[in-house]
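These are the residues of each chain, in order.
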Amino acid sequence: MQIKSKLPNVGTTIFTVMSALATEYKAVNLGQGFPDYPMSEELTAKVAEAMKNGHNQYAPMPGLIGLRESLAEKVEFLYKTKVNPDTEITITPGGTYAIYSSLTTILQPGDEVILFEPAYDSYIPNIEINGAKAVPLPLTYPDYKIDWDLVRASITIKTKAILINSPHNPTGSVLDQNDIAELKNTVAGTDIFIVSDEVYEHLIYDGLPHESMLKHPDLFARSFVNFSFGKTYHCTGWKLGYCIAPAAFTKEFRKVHQFNCFSCFTPAQVALAEYLKNKDAYLSLPRFMQQKRDYFIELMKQTKFDLLNTSGSYFVCASYGRISDESDKDLAIRLSKEAGVATIPLSAFYHNHKDDKVVRFCFSKQNKTLQQAVERLIKI
Ligand code: PMP
Ligand code: GLN
């Protein structure tokens, strides 16, 4: 028997490929984005306590109400917007799932979704599996900004949504107030939804503010805004996130969610409901991660990689024209095997595997890991 593939053009995700290579060649893994330092002991203790206290059965389908209430308080504190925890927040098994579910909630076959490349590698398959068409637009090189004239020129009657990611993976570019004004102007008077990927909301540097869709009532009214606890609390393996969307959208989102996952890991929700009240745990994040970014940038000056700007996320991209003219994929494989450092080739984030000869480094690592990686990269 043969399966007619729903995703005929998709192989194994680059993150799995590069992490497997890192393990095989004992490379320092600056490829897949995850921290290698411990998370908060207070938070893990709270999860253990929740288990001991018997919170081990299904959580309610939309998520524990205490957690949703804490999130609504956080949103009001950060973005001065009131969201209803009962009808506008849904806890999900990770940010990727929240984005997939947002798209599945709104897309009909033949719809078009505008997104920006380089793009996180789940977006296009998430669109295509719903029978919709991805319309990837290039971000400008090398500052990776959105070309709003191109966005306006690419809108058709089939455009159902614009997918936005700020701070941006893989480039670390961020939306500024001008982008928000352009976005408002572009969607005004249309029925275009916004699917916003804000998993790096706290990983933003140089004092820049995070321009959340939640800050702008006219944008929020057409948005699904998606987050990940993994990024905020250094626990990517928990795969826990949430989607905030207006009540009518959330009602449909939950129809998709309830027959896919139904509900998420209860003990972590009990723990996070309380831990979220500690504002310092997230307010200290930009400074904490900026130090890592700056430390890595300084170390990398000893190498022949030319780092591009990054204002957010876990990542910094680097062009390697002074090292070689091989493809970014070949270089990334060679770096893992010969230099012992895993990276991600940027072509993996383009539908047509466009190769600008750029690789991505993840700096959410212990200083000693970054140091060890750079000692190896100097030799290249
Ligand atoms: N969007 C982007 C841009 C990401 O980098 C990640 C991190 N993997 C996610 C979404 C999803 O995070 P999660 O691990 O919670 O699914
Ligand atoms: N978001 C992380 C990255 O971009 C990991 C994603 C994944 O492994 N699926 O590297």
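Above this text is the structure in question.
In what follows, the accompanying structure is described. Just so you know, these numbers come straight off a predicted model, no measurement behind them.

1. Some details on the overall build of the protein chain
Within the protein chain, the regular secondary structure consists of 15 helices and 13 strands. Over its C-alpha trace the protein chain gives a radius of gyration of 20 Å, about what one expects of a compact globule, namely 21 Å for 380 residues. Overall size of the protein chain, expressed as C-alpha extent along the three principal axes, is 55 × 55 × 55 Å. Within the protein chain, buried positions represent 56% of all 380 residues. Within the protein chain, counting contacts between residues at least 6 apart in sequence, those at least 24 apart form 76% of the total. Of note, the protein chain has its 40 positive side-chain charges centred 3 Å away from the centre of its 42 negative side-chain charges.

2. Digging into empty space enclosed by the protein
Counted under the stated rule, the structure contains two cavities of 30 Å³ or more. For the largest cavity, the calculated volume is near 160 Å³. In terms of lining residues, the largest cavity is bounded by 17 residues, among which Leu 139, Ile 146, Asn 165, His 168 and Leu 175 are the most central. If you list the elements that add at least two residues to the lining of the largest cavity, you get β3 (112-117) and β5 (159-165).

3. What about the site of ligand 2?
Around ligand 2 sit Phe 15, Gln 32, Gly 33, Tyr 120, Asn 169, Tyr 200, Lys 231, Phe 315 and Arg 360, and those are all the residues in its vicinity. A distance of 2.7 Å separates an oxygen atom of ligand 2 from a polar atom in the backbone of Gly 33. The side chain of Asn 169 places a nitrogen or oxygen atom 2.8 Å from an oxygen atom of ligand 2. According to the grid-proximity analysis, the pocket containing ligand 2 is the largest pocket.

Rules behind the numbers
- Residues numbered from 1 in each chain as written.
- Chains lettered and ligands numbered in written order.
- Predicted model: local features only at pLDDT ≥ 70, side-chain atom pairs only at ≥ 80, totals over all residues.
- Heavy atoms only, no water.
- Helix = DSSP H or I, 4+ residues; strand = E, 2+ residues; numbered from the N terminus.
- Rg over C-alpha atoms; globule rule 2.2 N^0.38 Å.
- Buried < 20%, exposed > 50% of the residue type's maximum accessible area, 1.4 Å probe, protein only.
- Contact = heavy atoms within 4.5 Å.
- Lys, Arg positive; Asp, Glu negative; His and termini not counted.
- Charge placed at Lys NZ, Arg CZ, Asp CG, Glu CD.
- 1 Å grid on protein atoms, 1.4 Å probe; cavity = no way out; pocket = protein on both sides within 12 Å on 5 of 7 lines; lining within 4 Å.
- Points joined across faces, edges and corners; volume = space filled by probe spheres on them.
- Near = heavy atom within 4 Å.
- Polar contact = N/O pair within 3.5 Å; in protein donor to acceptor, adjacent residues only side chain to side chain.
- Sits in = over half its atoms within 2 Å of the grid points.

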